[in-house]
Amino acid sequence: MTNLQRLLLEVQGIDLDQNELAVYLAENNLNPHDEYNPQSATNKRNIYKTALSILESIANNPSLMRSYKLDDMTVTDFHENLLSRIEQLERKIRSMKTDEQEQIGNVFMLFNS
């Protein structure tokens, strides 16, 4: 699975051109065609940061906030759910460690001052 394919799993239902997705990935230090490494905390964190960037771009697009109703969901429901998802991703990203932080956390402190 590539970074691009992993990002598509995270932002299902959002239709963006692959070139646009590649730009979002590049902004977060990811190559779209590199192999996704699920064991890398940094790689996973950058995928979530990319998804967050995409959601924030959608939230900043006023043309998507026009008044319409689809099934039983109004545009305000969409906007509230979108903002809720953005907040969830921000909290998750803040709590995630990078590969370097995980290595430092595994060091045993032998001497105490």
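Right, let's walk through the structure included here. (Residues numbered from 1 in each chain as written. Predicted model: local features only at pLDDT ≥ 70, side-chain atom pairs only at ≥ 80, totals over all residues. Heavy atoms only, no water.)

Let's talk about unusual backbone geometry
Now for step 1: Even without a glycine there, the phi angle at Asn-29 is positive, about 60°.
Now for step 2: By the element assignment, Asn-29 lies in the loop between helix H2 (18-27) and helix H3 (41-59).
Now for step 3: Residue Asn-29 is classed as exposed on the basis of its relative accessible area, which comes to 69%. (Helix = DSSP H or I, 4+ residues; strand = E, 2+ residues; numbered from the N terminus. Buried < 20%, exposed > 50% of the residue type's maximum accessible area, 1.4 Å probe, protein only.)

Quick notes on the pattern of salt bridges
Now for step 1: One pass over the structure, following the stated rule, counts two salt bridges.
Now for step 2: Glu-10 is paired through a salt bridge with Arg-6; the nearest N and O atoms lie 3.0 Å apart. Here Glu-10 pairs with Arg-6, and both are found in helix H1 (residues 3-10), just four residues apart, close to one helical turn.
Now for step 3: Looking at Arg-6, the relative accessible area reads 12%, which means it is buried. (Salt bridge = Lys/Arg side-chain N within 4 Å of Asp/Glu carboxyl O.)

Regarding the packing of H1 against H2
Now for step 1: Here H1 crosses H2 at 100°, and the two axes come no closer than 11 Å. Taken as axis vectors, H1 and H2 run roughly perpendicular relative to one another. Together, Asn-3, Leu-4, Leu-7 and Leu-8 of H1 and Gln-18, Leu-21 and Leu-25 of H2 make up the contact between the two elements.
Now for step 2: Residues belonging to the contact of H1 with H2 are distributed by class as follows: five nonpolar, two polar and no charged. (Axes fitted to C-alpha atoms, helices over the stretch in contact; angles between N-to-C directions. Parallel < 35°, antiparallel > 145°, perpendicular 65-115°, else oblique. Contact = heavy atoms within 4.5 Å. Nonpolar A, V, L, I, M, F, W, Y, C, P; charged D, E, K, R; others polar.)

Here's the deal with H1
Now for step 1: For H1, the complete set of buried residues consists of Asn-3, Leu-4, Arg-6, Leu-7 and Glu-10. Viewed end-on, H1 has its buried residues packed into an arc of 160°, placing them on one side of the element. (Arc of directions from axis to C-beta.)

Observations concerning H2
Now for step 1: Burial in H2 covers these residues: Leu-21, Tyr-24 and Leu-25. The buried residues of H2 occupy an angular sector of 100° when the element is viewed end-on, so they sit on one face. Exposed side of H2, more than 90 degrees from the buried face: Asn-19 and Glu-27 are the residues found there.
Now for step 2: The secondary structure elements touched by the buried residues of H2 are H1 and H3.
Now for step 3: If you check the start of H2, you find a side-chain oxygen 3.0 Å away from the backbone N of Asn-19, and it comes from Asp-17.
Now for step 4: Asn-29, located one to two residues past H2, shows a positive phi value of around 60°. (Polar contact = N/O pair within 3.5 Å; in protein donor to acceptor, adjacent residues only side chain to side chain.)

Quick word on the packing of aromatic side chains
Now for step 1: For the structure shown, the criterion picks out zero aromatic pairs.
Now for step 2: Directly above the aromatic system of Tyr-48 lies the positively charged group of Arg-6, at a separation of 5.8 Å from the ring centroid. (Phe/Tyr/Trp six-rings, centres within 6.5 Å; stacked < 30°, edge-to-face > 60°. Lys NZ or Arg CZ within 6 Å of the ring centre and 35° of its normal.)

A look at the packing of H2 against H3
Helix-helix packing is characterised by the crossing angle of the two axes and by the distance between the axes.
Now for step 1: Contact geometry for H2 and H3: axes closest at 9 Å, N-to-C directions at 125°. Considered as vectors, H2 and H3 are oriented oblique to each other. Every pair of crossing elements has a handedness; the one defined by H2 and H3 is right-handed. Here Leu-21, Tyr-24 and Leu-25 of H2 lie close against H3, whose contacting residues are Ile-47, Thr-50, Ser-53, Ile-54 and Ser-57.
Now for step 2: A per-class count over the contact of H2 with H3 returns five nonpolar, three polar and no charged. (Left-handed = near helix turned anticlockwise from the far one by under 90°.)

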